[in-house]
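Single-letter residue listing:
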Amino acid sequence: MFSDGELSQIAQAQALPYNRKPCSVLGCLKVKGLADATGAQYVPIQGNADIEAGLREALACAAGGRPVFVDVRIDYSKATRFTRGVVKANVARFALRDKVRIISRALLHKVTG
């Protein structure tokens, strides 16, 4: 399960032109409670450093026949490759005057915030 209360790509698409967080942020689902309620093992992955150990633990539980919830926390403080690619592709298809207008508007929002 990916814990992504800001709906990643939508949040980044809103943040780029408007320089602010999205208007709606979903509350985090309490995956540990869901695991406890169903008798499954709960394995949290808080960041990149936890991936290897978390996956190893989850696979060991699954190999033993126990259901497991892997709760992967997503950090979208940096633009994802998808978001960067979309921006690059969309800007590339505009005429030069439109590129200048769009980039100027984004910079203005960034400066005046």
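(A) Molecular detail of the pattern of salt bridges. Inspection of every chain in the model, using the stated rule, returns five salt bridges. K32 is the salt-bridge partner of D36, the closest N and O atoms lying 3.3 Å from each other. Of this pair, D36 and K32 both sit in helix α2 (residues 31-38), separated by four residues, roughly a single helical turn. The partly exposed category is assigned to K32, whose relative accessible area is 43%. In the salt-bridge network here, residues are joined through shared partners; they are R97, D98 and R101.

(B) Structural view of helix α3 (residues 51-63). Under the 1.5 Å per step criterion, the end-to-end length of α3 is 18 Å for 13 residues, consistent within 8% with the ideal 18 Å. Of all the residues in α3, the buried ones are G54, A58 and C61. Buried positions in α3, seen along its axis, are confined to an arc of 60° and lie on one side of it. Exposed side of α3, more than 90 degrees from the buried face: E52, R56, L59, A60 and A63 are the residues found there. Buried-residue contacts for α3 involve β2 (41-45) and β3 (68-73).

Rules used throughout
- Residues numbered from 1 in each chain as written.
- Predicted model: local features only at pLDDT ≥ 70, side-chain atom pairs only at ≥ 80, totals over all residues.
- Heavy atoms only, no water.
- Salt bridge = Lys/Arg side-chain N within 4 Å of Asp/Glu carboxyl O.
- Helix = DSSP H or I, 4+ residues; strand = E, 2+ residues; numbered from the N terminus.
- Buried < 20%, exposed > 50% of the residue type's maximum accessible area, 1.4 Å probe, protein only.
- Expected span 1.5 Å × (residues − 1).
- Arc of directions from axis to C-beta.
- Contact = heavy atoms within 4.5 Å.

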